[in-house]
Each structure stands twice: as C-alpha cells, then as structure tokens.
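Reading the structure
Chain residues, written in single-letter form:
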There are 2 protein chains.
Amino acid sequence: MSDRRVKYTKMVIKESFIKSLRQKPISKITVKEICEDADVNRATFYTHYKDQYDLLQQIENEIIEDINRYLKDYDIQDAKVVPLDMIEKITEYVSKNADVFDLLLNLNGDIKFQQEVIKIIGNQFIPIIENEKLNKADAEYIYHFIACGAVGIIQKWMKDGMKKSAREMAEIIFKMSNNGRASFE
Amino acid sequence: MSDRRVKYTKMVIKESFIKSLRQKPISKITVKEICEDADVNRATFYTHYKDQYDLLQQIENEIIEDINRYLKDYDIQDAKVVPLDMIEKITEYVSKNADVFDLLLNLNGDIKFQQEVIKIIGNQFIPIIENEKLNKADAEYIYHFIACGAVGIIQKWMKDGMKKSAREMAEIIFKMSNNGRASFE
DNA sequence: TCGATTTGTCAACACGCTGTTTATTATCTC
DNA sequence: GAGATAATAAACAGCGTGTTGACAAATCGA
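Every value quoted in this text rests on a predicted model; they were computed, and no experiment measured them. Each chain has its residues counted from 1, following the order in which its sequence is written. Chains and ligands are labelled sequentially in the order written, the chains with letters from A and the ligands with numbers from 1. Only residues with pLDDT of 70 or above have their local features reported here, since the model is predicted, and side-chain atom pairs are shown and tallied only from 80 upward, although totals for entire chains, interfaces and linings are computed over all residues. The side-chain values count all of the structure's non-hydrogen atoms but skip hydrogen atoms and water molecules.

Right, let's talk about the interface of chain A and chain B for a bit. Note on contacts: a residue pair qualifies if any of its non-hydrogen atoms lie within 4.5 Å across the two residues. Every contact between the two is made by 42 residues of chain A and, on the other side, 42 residues of chain B. The three residues of chain A that bury the most area against chain B are Y141(A), F145(A) and M176(A), which together make up 25% of that side's buried surface. In what follows, salt bridge is the name for a side-chain nitrogen of Lys or Arg lying within 4 Å of a carboxyl oxygen of Asp or Glu. The tally of links between chain A and chain B comes to 4 salt bridges. Residues E140(A) and K156(B) are paired through a salt bridge, measuring 3.5 Å at the closest nitrogen-oxygen approach. Counted as a polar contact is a pair of N or O atoms within 3.5 Å, where, for protein atoms, one must be capable of donating a hydrogen and the other of accepting one, and residues adjacent in sequence contribute only when both atoms are in side chains. Viewed at the interface, chain B and chain A are joined by 7 residue pairs in polar contact (both at pLDDT 80 or more). Here a strand is any run of E in DSSP of at least two residues, a helix any run of H or I of at least four, and the numbering for each starts at the N terminus. Element by element, the count of residues in the side of chain A that touches chain B is highest for helix 9 (residues 136-159) of chain A, at 16 residues. Accessible area that two parts lose when put together, evaluated with a 1.4 Å probe and summed over both, is termed the buried area.

A pair of packed helices is captured by two measures, namely the crossing angle of their axes and the spacing between those axes. Residues and elements named next belong to chain B. Following both chains from N to C, one finds helix 7 (residues 111-123) and helix 9 (residues 136-159) inclined at 120 degrees, their axes separated by 9 Å at the closest point. Taken together, the axes of helix 7 and helix 9 are oblique relative to one another. As for the relative orientation of helix 7 and helix 9, their crossing is right-handed in sense. Here helix 7 contributes Q114, V117, I118, I121 and G122 to the contact with helix 9, which in turn contributes H144, A147, C148, A150, V151, I154 and Q155. All axes are obtained by fitting lines to C-alpha atoms, using only the stretch in contact for helices, and the reported angles, taken between N-to-C directions, cover 0 to 180 degrees. An angle below 35 degrees is read as roughly parallel, one above 145 as roughly antiparallel, one from 65 to 115 as roughly perpendicular, and any other as oblique. The handedness criterion is simple: a crossing whose near helix is rotated anticlockwise from the far helix by less than a right angle is left-handed, and one whose near helix is rotated clockwise is right-handed.

Grouped together as the largest cluster of nonpolar side chains are 120 residues, with contacts concentrated most on F17(A), F101(A), I121(A), F17(B), F101(B) and I121(B). The residues touching F101(A), leaving out its near neighbours within four places in the chain, are I63(A), I67(A), Y93(A), V94(A), N106(A), F113(A), V117(A) and M158(A). Among the buried residues, those of types Ala, Val, Leu, Ile, Met, Phe, Trp, Tyr and Cys that are joined through side-chain atoms within 4.5 Å form a nonpolar core. Throughout this description, buried means an accessible area under 20% of the type-specific maximum (1.4 Å probe, protein chains only), exposed means over 50%, and partly exposed covers the range between.

Near DNA strand D you find 19 residues, and of these K32(A), R42(A), R5(B), T9(B) and N41(B) are the closest. When at least one non-hydrogen atom of a residue lies within 4 Å of a molecule or strand, that residue is treated as near it. Among the atoms of DNA strand D lying within 4 Å of the protein, the sugar-phosphate backbone contributes 65%. With respect to DNA strand D, the side chain of R5(B) contributes an N or O atom lying 2.8 Å from a base oxygen. Secondary structure elements with two or more residues in the surface near DNA strand D: helix 1 (4-21), helix 2 (31-38) and helix 3 (42-48) of chain A together with helix 1 (4-21) and helix 3 (42-48) of chain B. Within the surface near DNA strand D, the residues separate by chemical class into 5 nonpolar, 6 polar and 8 charged. Residue polarity follows a fixed list, in which Ala, Val, Leu, Ile, Met, Phe, Trp, Tyr, Cys and Pro are nonpolar, Asp, Glu, Lys and Arg are charged, and the others, Gly among them, are polar.

Before going further, it helps to spend a moment on unusual backbone geometry. Both trends apply: most residues other than glycine have a negative phi, and most peptide bonds are in trans. All names here are of chain B. In this structure, D39 is a non-glycine residue whose phi angle is positive, near 55 degrees. Within the element layout of this structure, D39 appears in the loop between helix 2 (31-38) and helix 3. The exposure class assigned to D39 is exposed, which follows from its relative accessible area of 71%. The backbone phi angle of M162 is positive, close to 50 degrees, even though this residue is not glycine. Locating M162 in the fold gives a position in the loop between helix 9 and helix 10 (166-182).

This brings us to the protein's contact with DNA strand C. For DNA strand C, the set of nearby residues contains 21 residues, the closest of which are T9(A), T44(A), R5(B), K32(B) and R42(B). Backbone atoms, meaning sugar and phosphate, form 62% of the atoms of DNA strand C found within 4 Å of the protein. Between a phosphate oxygen of DNA strand C and a side-chain N or O atom of T9(A), the distance comes to 2.9 Å. Taken together, the elements giving at least two residues each to the surface near DNA strand C come down to helix 1 and helix 3 of chain A together with helix 1, helix 2 and helix 3 of chain B. Per element, the largest residue contribution to the surface near DNA strand C is 4 residues, and it comes from helix 3 of chain A.

For the rest of this paragraph, the subject is helix 9 of chain B. All names here are of chain B. With 24 residues, helix 9 should cover 34 Å at 1.5 Å per step; its first-to-last C-alpha distance of 35 Å lies within 8% of that length. Taken across its 24 residues, helix 9 has 18 buried, putting it largely inside the fold. Directly after helix 9, the chain includes G161, whose backbone phi takes a positive value near 90 degrees. Under the convention used throughout, the expected extent of a helix is 1.5 Å for every residue step, that is, one less than its residue count.

Dropping the structure here:
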C-alpha cells in the first residue's frame, strides 16, 4: 500500500493524464499516450487502472475524499459553525485547488463529479432544513436549487479568473440562499 | 438537402445511438455497433458524422435550436411576456421531451449540453437585469446562480419522476429567483 | 544485510474497431 | 425517364487494446 514504486508510478501517470486532459477531451486520450508521456510501461498502467475513465474516476474520488476530510476537521473544531463559514471553507478549498476544479468542472468537465460537489454543498444546508416549517418535498427542491446555483457561480468564478475572494463568493451564495428560502416561509 | 434516403439514414442512426446511450456511456459505444443496430453501412455513417461524439453534438444542437424556435414563437405572440410564463414555457418543453432531457442531463449527461440549457434559461432574466440597480459584475453572478439552480431542480424534477407540474416548477424557480435577487437591492 | 516478495519492464501476441477506398446497386429529384 | 445522388459490400492497412510470460529491479521485514 505504501510501496514507493507504486506511489511514483501512480503519480507520474496522474500527472501525464492531467496534462493531456488540459488539451483535449478524455475520449481522445489513449492509454498508450499517457504511458509514453509518463515513461511507464503500458502493462504497469493496467495493473492499477482499468482504462483512462477509471483513472479519472479515481482522481475525482480522491478529491472528494480530501474535501470531506477538510470540512470534517473544521466541523470538529466548533460544532455549531454557521453555514456562511462552512461555505467559505468550501470556496477556500476550491481556490486552493483551482487548477483541478477548473479542469473537472469547466474545461473538460464531468457531470458525475459536478454532482458530487453539489451533494457536498447541499449537505451544508441540511442543519437548516430541519429548523424550518417547510414540507420535506419542497425543502429538497429548494436546497437542491441552492446547491446547484452555488456550484454554478463557482464555475463562473473560476472562468472569470477568480477575481473575487473566497469570502465574497461565500457571501453571495449565502445571501441568495437565505432570501430565496425566505420566500417559502 | 431534403433527400428521403438521407433523412431515413440519419433517423435510424440517431435512434440506435440513443438506444445505446440509455444503456452505457458514450465512451463504450462504437460506430460499428450503432450501424449494425441501425442496419446502415459503416461507410454511410462516416459520410454524415465524424464519430459518435460528433453525432451526439449534432443531436444536442438540434434540440437547442428547437427550444429556441419554441421560445421565439411565444416571444412574438406577446412581446412583454412576464418571465414566469417564459420559465413555464421552458419547463413545459422539458416535460414534453422528458426522455431526451433525462438522458442528456442526468443519466449520461453532457456538461456542454447542460451549459447550453443554462444559457437559455439565463437569457430569460436579461430583461430584468437592465431594470435593476446592481452593478453589472454582481448581476451576472446572481443571474448565473439562478440559471444553474433552475437547471439543477429541473434535473431533480426528472429524476423524481416529474410529479410536479411544469407550472409548479416554474413557480419554484421564479420565487427563488425573485427573493434571491431582492437581497442585493 | 539478506532473502523472499512485490513491482515494473520488455517483447510479443491476437483481437477488434477505425477510417478510407473501390466498384456496384438502389433511390431520389426534377 | 435520365441524370444525380446516396447507400451498399468488400477489402485494406493502421492502430490501440488488453493480456501474457520471462526477466530485472526495488522494497520490506527479519
């Protein structure tokens, strides 16, 4: 599990793959090409990954796990953190890893990854749902709306070169969500 | 341009392709497979499409053109149509073509197609933007948030089996947008 | 440090899909 | 009906795929 050879191999494969993904869609990327660039034997690739799509999914899963770890740490520090701070944590995380997020959400975006991120953001609003007088079905739609809107402007934020701060973005998201919700009370 | 043979060929190719796309991602679909199912010669496929990805994009473009035609007709009928009615037109259109939308936005969703739909919905709010006292940069973020949120709950609407009416969906979108915006005035 | 184990390399293989070409037949439009 | 256009069938080289077995190199625990 912690064999240096394995770590190195996986690292160079991922690097070469990401490099290719910046230039063309995954459908045009071949295993052969990844391995040549990474200077890794093709047989070695196949011991770790099924194909380039499997590779992408593993990369995405690692990011999702990492975000969750990042948020969990914060959650433990003070249990009753207000959603605004939590949203800021997410926008902060995105800005720190802007390269990868821009790639996976915009340029050669993957809808499955997008949906995972939407889930994570949606979860931040769950504690609020329970304190409201909405029926559950309506509440789900409203919070899904907010989560998708949030991811949407994060995408736009990256496209525009991240000129606003993570805090400013969190504030926009928070304002839109609070007032949007208010209309259903 | 209006040759019956061409129309027929393109039709059966599209049908077979859509059928395959319901069962597996586009990356696992081969040109050979599409042609065998459609009972069309592979050489014929290549006279019309570059590959299966080109085929998908042409299908998506046709849908986008069709939505725009649909909305334009309505726009002409009464020039000052309120956005709520316009949004309802869109949700109506989606419900009429639920099969394809569910496929292209959910099951084997394509992020490019999703972004086109977001653009169309975002455009419905442009007339409102101009009447507001927001600075342009903020306004763009806000309307992008709304458009993404709208597409997001439309996706959820389809996933949940479209139990709400097109009108009800339009109302949720409209409420969320109006009150979200209000907080920035 | 040694030895067993694991990992990566190399070359080779059959396989299937690709994209294009040719000659031929079928169908359409006017 | 005649000329134009489109679809077919068969064949082709080319390329990436996924797997194999023998070998070399690096790692880890004792």
